[in-house]
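Architecture and fold: a report
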Amino acid sequence: MRELAEFAVPTYVIGAVAALGAGGLAAFAGQPSGWAVITGLAFGISIALFGAGYATLVALEKAPVGVFTPAAAYWFFAFPAAMLVHSIVTEWLFTGGPGLPAGPLWQFLLYNALLSMGFAIGFLWSHEYLGRHWWPRIRAHNRYAFIVVEEYKGLMTVLQERKEATARGRAEKQQQRKEAREARSAARHG
């Protein structure tokens, strides 16, 4: 568990940024500072915890690293759940009792499921960016980070081989075109 928690550090950073964003937006909208803090924490903590769930799937090799479709599928369910937790917690802290969002629950969940695709893009980019800086630092003592870093190295090898093959193909085509031009030129002058 300690290794998984350490592996998920990038998701905690994402949660902290989400908390600052939500709290800052609430403060900008004129909410009292206490409400802004509660809004930020309720959103940021739920995003961090659900993000740790995604990181666990990556660590256990149940979701491939850096691939959008599994992240989008995960957040299609997790983002509405995080928003529901945020809504219940903020209602509870503001009124003293938990409550569901106004309106039909299915509309709230569906709306947030639609928003989840945009969130998934940002989350995946942030998770991969932060992870590429964090996981190499801990890979010597964290087996999950070691596995993911090795997977990244394998992906980079494949990408480099593709790049080199493309460059070779381009060079061969340029050489063929040059030879064809020379042959046409020789035929005209010969």
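Every chain begins its residue count from 1, and numbering advances along the sequence as written. Local features in a predicted model are, by the rule used here, given only for residues with pLDDT of at least 70; side-chain atom pairs are given and counted only at 80 or more, and totals for whole chains, interfaces and linings are based on all residues. For the side-chain quantities, the full set of heavy atoms in the structure was used; hydrogens and water were omitted.

Once that is clear, we can look at the packing of aromatic side chains. Pairs of aromatic rings are described using the distance from one ring centre to the other and the angle between the two planes. Aromatic rings from Phe, Tyr and Trp, with only the six-membered ring used for Trp, were paired whenever their centres fell within 6.5 Å, and each pair was classed as stacked if the ring planes differed by under 30 degrees, edge-to-face if by over 60, and tilted otherwise. With the rule as written, the count across this model stands at eleven aromatic pairs. Each ring, one from tyrosine 74 and one from tryptophan 75, has its centre 5.4 Å from the other, and the planes form 90 degrees; the classification is edge-to-face. The residues tyrosine 74 and tryptophan 75 share a single accessibility class, namely buried. With 5.4 Å between their ring centres and 5 degrees between their planes, tryptophan 125 and tyrosine 129 make a pair best called stacked. Here tryptophan 125 and its partner tyrosine 129 are both found in helix H5 (residues 105-138), four residues apart, which amounts to about one turn of the helix. Relative accessibility thresholds used throughout: buried, under 20% of the residue-type maximum; exposed, over 50%; partly exposed, between the two (1.4 Å probe, protein chains only). The class for tyrosine 129 is partly exposed, based on a relative accessible area of 36%. An aromatic cluster is defined as three or more aromatic residues linked by ring pairs; in this entry it consists of Tyr54, Tyr74, Trp75, Phe79, Phe119 and Phe123. Runs of H or I in DSSP of at least four residues are treated as helices and runs of E of at least two as strands, each being numbered from the N terminus.

Side-chain pairing between opposite charges can occur once the charged atoms of the two side chains come close. The working definition used for a salt bridge is a side-chain nitrogen of Lys or Arg within 4 Å of a carboxyl oxygen of Asp or Glu. This model, assessed by the stated rule, comprises four salt bridges. The closest approach of N and O atoms between arginine 2 and glutamate 6, which form a salt bridge, is 3.7 Å. Taken together, the residues arginine 2 and glutamate 6, both in helix H1 (residues 2-7) and four residues apart, mark about one turn of the helix. Exposure remark for arginine 2: the relative accessible area of 56% places this residue in the exposed category. Note on glutamate 6: relative accessible area 15%, which makes it buried. In this structure, arginine 143 engages glutamate 3 in a salt bridge whose closest nitrogen and oxygen atoms are separated by 3.5 Å. Here arginine 143, found in helix H6 (residues 143-189), pairs with glutamate 3, found in helix H1; they are 140 residues apart in sequence, far enough to count as distant. The class for arginine 143 is partly exposed, based on a relative accessible area of 48%. When salt bridges with common partners are traced through the structure, they connect Arg139, Glu150 and Lys153 into a single cluster.

Phi angles above zero are rare outside glycine, and glutamate 61 is one such case at about 60 degrees. On the secondary structure map, glutamate 61 appears in the loop between helix H3 (33-59) and helix H4 (68-95). Here glutamate 61 falls in the exposed class, since its relative accessible area comes to 52%.

This part is about a positive patch on the surface. A contiguous patch of positive charge, built from Lys173, Arg177, Lys178, Arg181, Arg184 and Arg188, is present on the exposed surface. Relative to the elements of secondary structure, lysine 178 occurs in helix H6. Two distance rules govern patches: like charges are joined within 9 Å, and nonpolar side chains (Val, Leu, Ile, Met, Phe, Trp, Tyr) within 5 Å, applied only to residues with over 30% relative accessible area and no salt bridge. Only the protein chains shown count as cover for residues, and the accessible areas themselves come from Shrake-Rupley with a 1.4 Å probe. Note that His is not counted, nor are the chain ends; the positive residues are Lys and Arg, and the negative ones are Asp and Glu. By convention, charge coordinates are those of NZ in Lys, CZ in Arg, CG in Asp, or CD in Glu.

This part takes up H6. In a regular helix each residue adds 1.5 Å, so 47 residues correspond to 69 Å; H6 covers 69 Å between its end C-alpha atoms and thus fits that length. Nitrogen and oxygen atoms within 3.5 Å of one another constitute a polar contact, given that in protein one can donate a hydrogen and the other can accept it, and given that sequence-neighbouring residues count only through two side-chain atoms. The N-capping residue of H6, defined by a side-chain oxygen 3.0 Å from the backbone nitrogen of tyrosine 144, is asparagine 142. For a helix, the expected span equals 1.5 Å multiplied by the residue count minus one.

Turning next to the side chain of threonine 90. Within the secondary structure layout, threonine 90 lies in helix H4. For threonine 90, the side chain forms a polar contact with the main-chain oxygen of histidine 86, separated by 2.8 Å. Sequence-distant contacts of threonine 90, that is, excluding residues within four places in its chain, are made with Ile38, Thr39 and Ala42. Working rule for contacts: check all heavy atoms of both residues, and any pair within 4.5 Å makes them a contact.

Here we take up H4. Residues separated by three or four positions in an α-helix point in the same direction, a consequence of the helix having 3.6 residues per turn. Over its 28 residues, H4 extends 39 Å from the first C-alpha to the last, a length consistent with the 40 Å expected when each residue adds 1.5 Å. What we call the bend at a residue is the angle made by axes fitted to the seven residues finishing there and the seven residues starting there. The principal kink in H4, of about 35 degrees, is found at tryptophan 75. Of the residues trailing H4, glycine 96 is marked for its positive phi of about 90 degrees.

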